[in-house]
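Fold and geometry: a report
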Amino acid sequence: MADEPVKSTTHTQPPAQNQADRSWLGMKQEENGKTQGVPEGLWKRCPNCEAMLYAKQVQQNLHVCPDCDYHYRIHAEDRIEQLCDPGSFEPMWADLSPRDTLGFQDRIPYKQRLENEQTKTGHQDAVQCGRAFIKGRGVVLAAMDSRFMMASMGCVVGEKITRAIELGTESGRPVIIVSASGGARMQESALSLMQMAKTSAALARLDEQGGLFVSVLTDPTTGGVTASFAMLGDVILAEREALIGFAGPRVIANTVRQELPDGFQRAEFLRDKGFVDRVVHRHDLRSEISRVIDYAGK
């Protein structure tokens with residue numbers, strides 16, 4: 001959710017009912033009648049309860065609304081920082097970059113779209129992988145980043161996820177994958193769909209070797225990612241209210257022509273139906289993962 005900064009406005013005589021709000025937002029009424037707003041990005045509105053929140057407070061609360069517990073979508077860097085022991089994350093395969101093999105073009109050429117996304121995020125593609133420690137437990141961690149083309153899974157994402165799984169198989173470390181994706185990347189067509197089988201086959205080999213895979217589902221986890229590795233965890237955890245499914249709820253409702261149940265495709269609904277093992281608050285996720293690793297004896 002993008003920040004909604006309070007912009008500077010000019011009023012010769014501001015309405016009396018707005019004075020309390022202006023004071024609360026840190027606005028200052030000057031002698032000449034002009035109103036000076038707070039610095040951009042200092043406040044943000046919760047999309048769930050619509051409370052105006054101090055952005056730094058939300059950040060310190062792991063990007064969770066302190067009023068209603070709404071879990072904001074977060075970047076891969078934030079996820080790594082929240083889960084891993086300080087300084088323990090060792091990034092791997094960061095130089096792998098996607099190619100426009102098909103010469104695909106929709107609104108803009110895929111090659112240009114990739115360049116734009118790489119400039120925006122500072123990363124080559126939509127997942128970061130590496131070795132790390134979580135409360136002293138050695139793991140292989142992959143964290144998807146929805147900033148990069150909604151973390152759609154193309155060849156590079158599939159390759160890095162597969163390498164992470166294979167590293168876990170070889171090293172005996174548990175594999176932790178934090179999913180957040182819109183699904184397969186249409187700009188890579190069938191090459192993208194192949195990653196579903198590729199990652200699933202790597203997980204089958206991990207299972208044969210007795211390895212542990214903890215899948216963490218965050219908002220949103222949809223499409224080909226849900227239809228492959230995301231739902232193949234030995235233990236599947238989900239953040240509260242995360243959207244999880246294959247097709248979106250509006251697509252399903254329009255297809256079946258029926259009203260869907262309340263909370264359909266949300267984490268709590270899937271837990272009640274047996275598709276998710278536990279719904280975990282972001283504050284507890286690090287501890288829950290380490291507890292699962294201990295239970296599994298890894």
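Let's talk about the sheet that holds strand S7 (residues 127-134)
Ordered in space as S6-S7-S8-S9-S10-S11-S12, the seven strands form an open sheet in which the pairing is mixed. Strand pairing shows two members of the sheet lacking a second neighbour, strand S6 (90-92) and strand S12 (278-280), which therefore form its edges. Adjacent strand axes in the sheet meet at a mean angle of 25° when their direction is disregarded. Bridge count between strand S10 (residues 213-221) and strand S11 (residues 235-239): four bridges; the pairing is parallel. Residue pairing for S11: Ser215 is matched across the bridge by Ile236. Strands S7, strand S8 (137-144), strand S9 (175-181), S10 and S11 of the sheet are contacted by helix H3 (residues 76-83), whose axis makes an angle of about 160° with S8.

Things to note about the nonpolar core
Soluble globular proteins tend to bury their nonpolar side chains together. By size, the foremost hydrophobic cluster in this structure holds 41 residues, and its most contacted members are Ile161, Ile165, Ile177, Phe229 and Ile244. Take this core: its biggest share by element is six residues, from helix H5 (residues 155-171). Aside from chain neighbours lying at most four places away, what touches Ile244 is Leu217, Thr221, Met231, Ala238, Gln265, Ala267, Leu270 and Val276. Formed by 21 residues, the second largest nonpolar core is a distinct cluster that contains Cys84, Leu212, Val280 and Val292.

So, the confidence of the model for the chain
For the chain, per-residue confidence averages 89 on the pLDDT scale, and residues scoring 70 or more make up 87% of the total. Of the regions scoring below 50 in pLDDT, residues 1-31 engages in 42 contacts with residues more than four places distant in sequence or in other chains.

Let's talk about the environment of Gln265
When you line up the elements, Gln265 lands in the loop between helix H8 (249-256) and helix H9 (267-272). Residue class for Gln265 comes out buried when judged on its relative accessible area of 7%. Residues Gln265 and Pro249, 16 residues apart in the sequence, show an inter-C-alpha distance of 7.2 Å. Excluding anything up to four places from it in sequence, Gln265 contacts Ala242, Leu243, Ile244, Gly245, Phe246, Ala247, Gly248, Pro249, Ile252 and Leu270. A distance of 2.9 Å separates a polar side-chain atom of Gln265 from the backbone oxygen of Ala247.

Description of the packing of H5 against helix H6 (residues 189-208)
Direction vectors running N to C along H5 and H6 enclose 5°, while the axes themselves pass 9 Å from each other. Regarding the angle of H5 to H6, the classification is roughly parallel. Facing H5, whose interface residues are Cys155, Gly158, Glu159, Ile161, Thr162, Ile165, Glu166, Gly168 and Thr169, H6 presents Leu191, Gln195, Lys198, Thr199, Ala202, Leu203, Arg205 and Leu206. For the contact of H5 with H6, a count of residues per class yields seven nonpolar, six polar and four charged.

Some thoughts on unusual backbone geometry
For residues that are not glycine, phi is negative in most cases, and the peptide bond is trans in most cases. In this structure, the amide linkage connecting Asp219 to the following residue, Pro220, adopts the cis form with an omega of -10°. Tracing the sequence through the fold places Pro220 in strand S10. We note that Lys135 has phi near 50°; this positive angle belongs to a residue other than glycine. Relative to the helices and strands, Lys135 is located in the loop between S7 and S8. Exposure remark for Lys135: the relative accessible area of 37% places this residue in the partly exposed category. With a phi close to 70°, Gln265 is a non-glycine residue in the positive phi region.

Some words on the pairing of S10
Here is the key point about a regular strand: its side chains alternate between the two faces of the sheet. Most of S10 sits inside the fold, with nine of its nine residues counted as buried. As paired elements, S9 and S10 share six bridges and run parallel to each other. By the bridge assignment for S10, Ile177 is matched with Ser215. Handedness of the crossover joining S9 and S10 through H6 is recorded here as right-handed.

Considerations on the environment of Glu90
Tracing the chain through its elements places Glu90 in strand S6. Glu90 sits in the partly exposed class, given a relative accessible area of 40%. As a C-alpha pair, Glu90 and Arg131 span 41 residues in sequence and 5.1 Å in three-dimensional space. Excluding residues within four positions of it along the chain, Glu90 makes contact with Cys129, Gly130 and Arg131.

Regarding the state of the cysteines
A covalent bond bridging the sulfur atoms of two cysteines is what the word disulfide describes. All told, the structure shown has zero disulfides when counted by the stated rule. Distance from the sulfur of Cys46, which forms no disulfide, to the nearest cysteine sulfur (Cys68) is 3.6 Å.

Analysis parameters
- Residues numbered from 1 in each chain as written.
- Predicted model: local features only at pLDDT ≥ 70, side-chain atom pairs only at ≥ 80, totals over all residues.
- Heavy atoms only, no water.
- Pairing = 2+ DSSP bridges.
- Helix = DSSP H or I, 4+ residues; strand = E, 2+ residues; numbered from the N terminus.
- Axes fitted to C-alpha atoms, helices over the stretch in contact; angles between N-to-C directions.
- Contact = heavy atoms within 4.5 Å.
- Core = buried A, V, L, I, M, F, W, Y, C linked by side-chain atoms within 4.5 Å.
- Buried < 20%, exposed > 50% of the residue type's maximum accessible area, 1.4 Å probe, protein only.
- pLDDT = per-residue confidence, 0-100.
- Polar contact = N/O pair within 3.5 Å; in protein donor to acceptor, adjacent residues only side chain to side chain.
- Parallel < 35°, antiparallel > 145°, perpendicular 65-115°, else oblique.
- Nonpolar A, V, L, I, M, F, W, Y, C, P; charged D, E, K, R; others polar.
- Right-handed = clockwise from strand over helix to strand, strands pointing away.
- Disulfide = S-S within 2.5 Å.

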